[in-house]
Every structure is written in C-alpha cells, then in structure tokens.
Amino acid sequence: MNLQEWLHTTLFFTVLLLLVGPFGRYMARVYQGERTVLTPLAAAVETVLYRLCGVDRHEEMDWKRYAASLLLFNLLGGTVLFALLLLQGVLPLNPQRFPAFSWHLALNTAVSFMTNTNWQNYGGDSAASYFTQLGGFTVHNFVSAATGMAVAIALIRGFARRKSTAIGNFWVDLTRSILYILLPLALLAAVFLVSQGVIQNLAPYRTVPLLQPVAREPGGWGGAAREVTMPMGPVASQEAIKELGTNGGGFFNANSAHPFENPTPLTNIVEIFLILLIPGGLTVTFGRLVGNPRQGWALLAVMLAILVCAMGVLSRAESAGNPLVAKLGVYGSNMEGKEIRFGLAGSSLFTVATTGTSCGAVNTMHDSLTPVGGMMPLGLILLSEVVFGGVGTGLYTMLAFVVIAVFIAGLMIGRTPEFLGKKIEVREMWLSIVTVLVAGVLVLIFSGLAMLVPAGGAAMANPGAHGLTEVLYAFASMANNNGSAFAGLNGNTVFYNLTGAVCMLVGRFAPIVASLAMAGSLAVKKYVPPSLGTLPTDKLPFALWLTLVILIVGALTFFPALAMGPIVEQLQMMGG
C-alpha cells in the first residue's frame, strides 16, 4: 500500500469514529423507547404490528421466556425458508425456471440464513429465483440481524438493572431494531447503490453479443462464445441489508466482486462502512445504557486496534507477493484474485472488515491470498468475530471476553471480580466460556472429522497444508456464522451440508442462550459501589489486558491447527 492508500484508509476510520458516536446514542434512545426523528412515522407502524400480533409492549420477560420466544421465532422462520427452497420450482418470480434445491442443500441454506451466516453452497445467480432472494433471503437478512441486536440489548440490560428478573421484551426489541434502525438505513443505502450502478429489477436474464469472440477452450477459436447471458434481479435491496446486517450472502456467486453488486471504489468503501457502522455504534449504545460512556469507547478501541493490526499484516503480506512468482520475473504485489478497480487497500480493508464481523461478503478471493495474508481473515473469524463482530453478536461476545478478563484479573489480585457494579461469580464465568469457546470447539471437532472420513477428503481440491486451511476456514466460517469461504472445497455434498448446518445452529444459538442466561443472572444482582480495590475497566491498562486475553484465548485454541495449515504453507513458500 502506498501513502495515498494509507491516507484514504485513515480518512475512512476517522469518518467512522465521528459517526458511531451519534449513531450509537440514537440506538440507545430507540431501545429506551425515547422519541427519535423517526418516531412520528415508525411509532404508528409499531403500534399496528403489536396489535396484529397481540404483543403488549409494556410486558417484559425473564431470560427464559425471552430465549424461548427468540428460538421459536427463528425456528419458524427457518422452517418456512426450508419449505420455500424445496418448492422454488413451482413458485412465482422465477423467470429462469430454476429448480428446487436438494433437501440437504435446502436445509443447509435455510439454517445459514436463519443464523445470520449466509454460507452459500450454491451460486445465487444460477440457483435462486427472485422470489427466493426477496421473500426468503432478504427477509432473513433483516430478522436474523435484528435477533442479534436484541440479544445484545438484553445483555446490556442485565448489566444495567438491579434486583430485576426482567431483561426486556424480545418482540419489542426485534421490531424496533428493524423499524428504527435496519429498514431506514437499508432503504437509504439501496437508493445510493442504485445511483452508482447496482441493478434493481425483476427482468429476465439478458443475452447480449460480445464485442469479439472468446474461445471456450484454449487452442483456437473453434466453438468460440459470441454472446453472454447477463443476470438481472433485485440486487440493490438485498445488497444494502446484506452489508448493514453483517449477513454477507451475495446475490451473485462472485458476491461483492461482481460489478452489479459493487461497481465502483466509492460503493466499495460505502459497503465497508455499512458493515462496521452498527457493530461500532452498539459499543456506544452499551456505554450510554450502563451509564458509563467510557466503557463503550474502551471496547471500541480494542476492536479497532485488533482490526487495524490485522489489516496491516494482511497488506504487508500481499504487498510482498509470492517469492516463487518473483523467480519467474514477475515482481510486485499479489493481485491474483483481487479487483484492480479496488486496489490492494480496498481489497485488504474489505477482507478484514467482513471477517472481523460476521458479514462474509467478499470482494477478493481469499483462497488466492498468500498464506500469512489468508491467516488474517481466518484468525479474525477464529477470535469469535469480536472485531467488530456481527450486529449484536460482536458486542455480546466481546462482553463475555470482558467478564473472563475481569474474572482472571480478580483471581490474580485475590479480590472478588466486579464489572459495572455487579459481582462476577462462577455462573457468569461459565456462561462466558460457553459464549466464547463453543464455536472453537465445533471448528476443531468437525475439521478433525472431515480429515478422517472419506466424504470429507473427497471434496478437497487441494492436498496438503492448503487443503487443511480450506477445511478449517469452512468450519470456522460456519461455526462463527461468518459465511465467507476459502474456495477450493466442494461444500455442496451431503457431508458438508449436514455438518455445516449443525455447526451453524449450535454456533449461533448456544452463545445466544448463554448470553441471555448471563443477562438474567446479572439483572437480579444488587449494585456494588466501586471502591479503592475496584478494577477500572474503562481505562487503557484494562483495554490492553482485554486485548491480550482475546489473543491468548485464540492462540491457545487454534495455534496447532494454524501451524499445520497457513504457517507451514508460508514456510514452504519461503523455502521454494
């Protein structure tokens, strides 16, 4: 990256930091039920929805009822999407007459969108009808994102409330997340994307002539292609919420590398901004709702520091290129698998933003990154995606890391750990461990299983260390609900569809239930005023300690697997 690219990146983060403050305060007002600029319009719609659904907005739930409502709602939505995929061939808005999904692919896809993972073992522009894209995928992009935001707000209430069994109303939190935050921002983003060239229509695919013939096979012009089919569709509406809700499922198989999804460097930077806006803003919301804004800014600083460091390593690795290619007389950055219109900076920033969050959108082929470069997005996913994390999921996972860091610090000084005036005891510690480590356990178990069974190895196109990295990345992406892929692995098999569905389900809902249980446990506790021995958690030393805990947990869990994958591959590359 040159100086100009670094200046552009610095400007991007400066604008992001300037906007997360007011946006985070806006979200705090939304969840507190205070009046906002959208209240005159959204409040009327909100009231109608509550009446139609029989919801009493003033009735709050304990954590068990909150969790049960959340699980039943998501299970119902996933079941409807599963049925839609099996019936796609007979449903309307299918001008290309795409057939139904196979049962195992439909199951994997339904679970994927229900869990905010958006893992795709299919090509969106060659397998999914407009009805599926609009009525299935786009709807789940909204409700799955809103589900994660609701859990984060419920956990915040657990820290903020005293001697209370209630942590809020799931239906109210879900509705407000969509009406006041996701829907208006997605509408504005979609209009902007259309203005930049992202398509939005329901027209059949178009066949257009090429300016010159293109050989189908090397070695001559026999049988050359003289025309190409251009996919159409309602892309901008899905693209907006895909980025804003950190979903990531692309309308096209090429995802955000496709010019109909991401046509210009400006749309590229705006899409990155949409990915990071809500996760960053929720840290400010957290600080406001617990009555200590510095706590939120401290969490944001930790997220930003790890993200910037990962981007620096990735950019350095890709700038250095591949020494084996240099021996052939080709010098310079490794631009294989990257869009020249975005450059190294735009590709690197997009890569770390989508893997640090649970977005999974890609504008770069991660499989083409250098080994150390590819280890950065893989590592960000394996850190339970707290940098910045998905909408809601990043915050409640980061708070679990905070609880662990506070607990360890308390043991080191021989004092009962406290955070925000609440004593952190064994129950909260165990629930935090479940939140943080369940995805990592899934990754290691299923990656090991894939190496043992014939069905796992048969889907691998690359042998050796790189093939292991592809499998490790696949299960890391699914268990952490990211959705991006390393490529080179045929995921559309019965083995990977079923094991992936299990990874996504457990990786999504086990941390959610644990976080809600922790919210209920914290809410009933009394407030303990800070004293001289209270660990200040809103200052630089604790931020550094929290960063160290996050990195140590990741290193202890995954270093052996990384050593056999990208690290040994890097050594092989450097050794020729």
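Summary of the structure given here. (Residues numbered from 1 in each chain as written. Predicted model: local features only at pLDDT ≥ 70, side-chain atom pairs only at ≥ 80, totals over all residues. Heavy atoms only, no water.)

**Structural notes on the overall build of the chain**
Each helix and strand counted, the chain has 19 helices and 4 strands in total. Relative to the globule expectation of 25 Å for 576 residues, the C-alpha radius of gyration of the chain, 23 Å, shows essentially globular dimensions. Oriented by its inertia axes, the alpha-carbon framework of the chain measures out at about 80 × 60 × 50 Å. Relative to its full complement of 576 residues, the chain shows a buried share of 59%. Looking at the chain alone, contacts between residues at least 24 apart form 79% of all its contacts between residues at least 6 apart. Accessible surface computed for the chain: about 22800 Å², of which carbon and sulfur atoms make up 68%. Each charge sign in the chain was given a centre, from 31 positive and 26 negative side chains, and these centres are 10 Å apart. (Helix = DSSP H or I, 4+ residues; strand = E, 2+ residues; numbered from the N terminus. Rg over C-alpha atoms; globule rule 2.2 N^0.38 Å. Buried < 20%, exposed > 50% of the residue type's maximum accessible area, 1.4 Å probe, protein only. Contact = heavy atoms within 4.5 Å. Areas by Shrake-Rupley, 256 points an atom, 1.4 Å probe, with all protein chains shown as cover. Lys, Arg positive; Asp, Glu negative; His and termini not counted. Charge placed at Lys NZ, Arg CZ, Asp CG, Glu CD.)

**Some thoughts on the side chain of Thr355**
With respect to the element layout, Thr355 can be found in helix H12 (residues 343–356). Taking the relative accessible area as the measure of exposure, Thr355 reaches 0% and is therefore buried. Only 2.7 Å separates the side chain of Thr355 from the backbone oxygen of Thr351, close enough to count as a polar contact. (Polar contact = N/O pair within 3.5 Å; in protein donor to acceptor, adjacent residues only side chain to side chain.)

**Some details on the nonpolar core**
Side chains that are nonpolar tend, in soluble globular proteins, to be buried together. Membership of the largest hydrophobic core comes to 153 residues, with the highest contact counts inside it found for Phe159, Ile181, Leu182, Ile278, Phe286 and Leu546. Among residues more than four places away in sequence, those in contact with Leu546 are Leu299, Val302, Met398, Phe401, Val402 and Ala405. Listed in part, the 11 residues of the second largest apolar core include Leu105, Ala106, Phe113 and Tyr122. (Core = buried A, V, L, I, M, F, W, Y, C linked by side-chain atoms within 4.5 Å.)

**Details of helix H9 (residues 265–289)**
In a regular helix each residue adds 1.5 Å, so 25 residues correspond to 36 Å; H9 covers 36 Å between its end C-alpha atoms and thus fits that length. Largest kink in H9: about 35 degrees, centred on Leu277, with the proline Pro279 one to four residues after it. Count one or two residues on from H9 and you reach Gly291, which has phi positive near 80 degrees. (Expected span 1.5 Å × (residues − 1). Bend = angle between axes of the 7 residues up to and from the residue.)

**Describing the layout of surface pockets**
Within this model, the largest pocket holds a volume of roughly 610 Å³. Lining the largest pocket are 30 residues, with Gln120, Asn253, Val362, Ala485 and Ala487 positioned closest to its centre. Tallied by class, the residues present in the lining of the largest pocket amount to 12 nonpolar, 17 polar and 1 charged. (1 Å grid on protein atoms, 1.4 Å probe; cavity = no way out; pocket = protein on both sides within 12 Å on 5 of 7 lines; lining within 4 Å. Points joined across faces, edges and corners; volume = space filled by probe spheres on them. Nonpolar A, V, L, I, M, F, W, Y, C, P; charged D, E, K, R; others polar.)

**Some details on the environment of Thr115**
As for its position among the elements, Thr115 is in the loop between helix H4 (103–114) and helix H5 (124–127). Its relative accessible area of 0% is what places Thr115 among the buried residues. Along the backbone, Thr115 and Met460 are 345 residues apart, and their C-alpha atoms lie at a distance of 26 Å. Beyond its immediate stretch of four places on either side in the chain, Thr115 contacts Asn481, Met504, Leu505, Arg508 and Phe509. Polar contacts involving the side chain of Thr115 include one to the side chain of Thr117, which spans 2.7 Å.

**Quick notes on empty space enclosed by the protein**
A full pass over the atoms with the stated rule returns 5 cavities of 30 Å³ or more. The computed volume of the largest cavity comes to approximately 190 Å³. As for the largest cavity, its lining consists of 18 residues, of which Ser384, Thr393, Thr397, Asn480 and Asn481 are closest to the centre. At the level of secondary structure, the elements contributing two or more residues to the lining of the largest cavity comprise helix H14 (393–413), helix H15 (426–452) and helix H18 (494–523).

**Some thoughts on the pattern of salt bridges**
Under the criterion given, the structure shown has 13 salt bridges. We note a salt bridge from Arg157 to Asp173, for which the minimum N-O separation is 2.8 Å. Taken together, the positions of Arg157 in helix H6 (residues 130–160) and Asp173 in helix H7 (residues 170–196) put the pair 16 residues apart, joining distant regions of the chain. The burial state of Arg157 is the same as that of Asp173; both residues are buried. (Salt bridge = Lys/Arg side-chain N within 4 Å of Asp/Glu carboxyl O.)

**Some points on the packing of helix H17 (residues 464–479) against helix H19 (residues 540–574)**
One way to put it is that H17 packs onto H19 with a least axis distance of 8 Å and a crossing angle of 140 degrees. Between H17 and H19, the angle falls in the class oblique. You can see that H17 and H19 cross each other, and the crossing is left-handed. Touching Ala465, His466, Leu468, Thr469 and Leu472 of H17 are Ala561, Leu562, Met564, Gly565, Pro566, Val568, Glu569 and Gln572, all from H19. (Axes fitted to C-alpha atoms, helices over the stretch in contact; angles between N-to-C directions. Parallel < 35°, antiparallel > 145°, perpendicular 65-115°, else oblique. Left-handed = near helix turned anticlockwise from the far one by under 90°.)

**Details of H14**
In this model H14 runs 31 Å from its N-terminal to its C-terminal C-alpha over 21 residues, within 8% of the 30 Å that 1.5 Å per residue would give. Of all 21 residues in H14, 17 are buried; the element is thus mostly enclosed. Positive phi shows up at Gly414, right after H14, with a value of about 70 degrees.

**Notes on a nonpolar patch on the surface**
Together, Leu86, Leu87, Val90, Trp103, Leu107 and Val494 make up an exposed nonpolar region whose accessible area comes to about 550 Å². As for its placement among the helices and strands, Leu107 is situated in helix H4. (Patch = residues over 30% accessible without salt bridge, like charges linked within 9 Å, V, L, I, M, F, W, Y side chains within 5 Å.)

**Brief notes about the packing of aromatic side chains**
Evaluation of the coordinates by the stated rule reveals 18 aromatic pairs. Between Phe446 and Phe475, the ring centres sit 5.8 Å apart and the planes meet at 20 degrees, which makes this aromatic pair stacked. Pair noted here: Phe446 is in helix H15 and Phe475 is in helix H17, with a separation of 29 residues, a long-range link. As far as burial versus exposure is concerned, Phe446 and Phe475 are alike and both buried. (Phe/Tyr/Trp six-rings, centres within 6.5 Å; stacked < 30°, edge-to-face > 60°.)

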